[in-house]
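# Structural overview for review
Each chain is listed here by its residues.
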Amino acid sequence: MSNFNMAAADGRAARYDHVTITFHWLTALLVLTMFTLAEARSFVARGTPLRGDLIFVHISLGILLAAVLILRIVWRIATHRRTAPAVSGLQHAVATLAHLALYALMISQVSYGFLMIWASGNEPSFFGLFSVPPLIVLDQPTRHVMGELHDYTAWAIIAVVGIHAAAALGHHYVLRDRVLVRMIPVRK
């Protein structure tokens, strides 16, 4: 029996709800945009207004990503049993590990970003509307370590996101199941 039939039998939905889908695609958009901004920054000369603007937008989106992650985790905990698993057995275990890895990497990434900015003596600003005061004070050598961790974690996120996307496309085009469709927004 497929998981979609099992979902109907145990009362859980075969598709994700609209809030979960929105959080998923908003997270993907933020992660890819922030990665692109960070990589674009490396091609712009230090001290130029454009480089400062790229950093400013990257930091602002990082604050937004932190908020989205918090809301997403709260929503996921609150609605954990509403959606039936898309796959079972080893595939389910691998998918669960991939999702946990993405959450751990994104939480780490946001944390490294905040720690790096706070160690520089600054407060991250959300598009100039408000700033996030430091929760802890770190020294400059720690800032360098946080910067390196931030860079390595960004690439790890992109690698896991690539694997995640390839798996979703493989399910859709090779296995021809409904795994990808569960996360695509639909109009009623």
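The coordinates are above.
Worth saying up front: this structure is predicted, and the values here are computed from it rather than measured. The residue numbering used here restarts from 1 in each chain and proceeds along that chain's sequence as written. Residues qualify for local features only when their pLDDT is at least 70, as the model is predicted, and side-chain atom pairs are given and counted only at 80 or more; totals for whole chains, interfaces and linings, by contrast, use all residues. Processing note: side-chain calculations cover all non-hydrogen atoms of the structure and skip hydrogens and water entirely.

Each helix and strand in the protein chain was counted, giving five helices and two strands. Strands are runs of DSSP state E lasting at least two residues, helices are runs of H or I lasting at least four, and both sets are numbered from the N terminus onward. Scanning the protein chain from its N terminus toward the C terminus, one meets helices and strands in the order α-α-α-α-β-β-α. Dimensions along the principal axes, computed over C-alpha positions, put the protein chain at roughly 60 × 30 × 30 Å. In what follows, residue pairs with any heavy atoms lying within 4.5 Å of each other are defined as contacts. Excluding contacts between residues fewer than 6 apart, the proportion of contacts in the protein chain whose partners are at least 24 apart in sequence is 73%. Total accessible area on the protein chain stands at roughly 11,700 Å², and carbon and sulfur atoms take up 69% of it. Note on areas: Shrake-Rupley, 1.4 Å probe, and residue coverage restricted to the protein chains presented here.

Note on soluble globular proteins: their nonpolar side chains tend to be buried together. Residues enter a nonpolar core if they are buried and are Ala, Val, Leu, Ile, Met, Phe, Trp, Tyr or Cys, with the set joined through side-chain atoms within 4.5 Å. Three labels apply to residues, based on accessible area from a 1.4 Å probe with only protein chains included: buried if under 20% of the type maximum, exposed if over 50%, partly exposed otherwise in between. Formed by 26 residues in total, the largest nonpolar core has its most connected members in Leu-65, Met-106, Val-110 and Phe-114. When residues of this core are traced back to their parent elements, those giving at least two are α2 (18-41), α3 (49-78), α4 (89-119) and α5 (140-175). Among all residues touching Leu-65, those that are not within four sequence positions of it are Thr-27, Leu-30, Val-31, Met-34 and Val-110.

Below, the discussion takes up the environment of Pro-133. With respect to the helices and strands, the residue Pro-133 is situated in the loop between β2 (130-131) and α5. On the accessibility criterion, Pro-133 (45% relative accessible area) is partly exposed. Along the sequence, Pro-133 and Glu-123 sit ten residues apart, while their C-alpha atoms lie 5.5 Å from each other. With sequence-adjacent residues up to four places away left out, Pro-133 is seen in contact with Trp-118 and Glu-123.

Excluding any residue in a salt bridge, patches collect residues exceeding 30% relative accessible area, merging like charges within 9 Å and nonpolar Val, Leu, Ile, Met, Phe, Trp and Tyr side chains within 5 Å. Any Lys or Arg side-chain nitrogen located within 4 Å of an Asp or Glu carboxyl oxygen qualifies as a salt bridge. A cluster of nonpolar side chains, namely Phe-56, Phe-127, Leu-129 and Phe-130, defines an oily patch on the protein surface of about 410 Å² accessible area. With respect to the secondary-structure elements, Phe-56 resides in helix α3. For Phe-56, a relative accessible area of 36% puts it in the partly exposed group.

Next up on the list: unusual backbone geometry. You will see that Phe-127, though not glycine, has its phi angle at about 50°, which is positive. Mapped onto the elements, Phe-127 comes out in the loop between β1 (125-126) and β2. Unusually for a residue other than glycine, Arg-176 sits at a positive phi of about 55°. Within the secondary structure, Arg-176 sits in the segment after α5. Note on Arg-176: relative accessible area 67%, which makes it exposed.

In a pair of packed helices, the angle between the axes and the distance between the axes together describe the arrangement. Direction vectors running N to C along α3 and α4 enclose 140°, while the axes themselves pass 10 Å from each other. Overall, the two elements α3 and α4 adopt an arrangement that is oblique. Once α3 is placed against α4, the crossing between them reads as left-handed. Seen from α3, the contacting residues are Ile-59, Gly-62, Ile-63, Leu-65, Ala-66, Leu-69, Arg-72, Ile-73 and Arg-76; seen from α4, they are Tyr-103, Met-106, Ile-107, Val-110, Phe-114 and Ile-117. Split by residue class, the contact of α3 with α4 holds twelve nonpolar, one polar and two charged. Note on geometry: axes are C-alpha line fits, over the in-contact stretch for helices, and angles between N-to-C directions span 0 to 180 degrees. Should an angle lie under 35 degrees it is considered roughly parallel, over 145 roughly antiparallel, and from 65 to 115 roughly perpendicular; all remaining angles are considered oblique. For any pair of crossing helices, the crossing counts as left-handed if the nearer helix is rotated counterclockwise from the farther one by less than a right angle, and right-handed if it is rotated clockwise. The classification used treats Ala, Val, Leu, Ile, Met, Phe, Trp, Tyr, Cys and Pro as nonpolar, Asp, Glu, Lys and Arg as charged, and all other residues, Gly among them, as polar.

Mapped onto the elements, His-171 comes out in helix α5. When near neighbours in sequence (up to four residues on either side) are disregarded, His-171 contacts Val-87, Gln-91, Arg-176, Asp-177 and Val-179.

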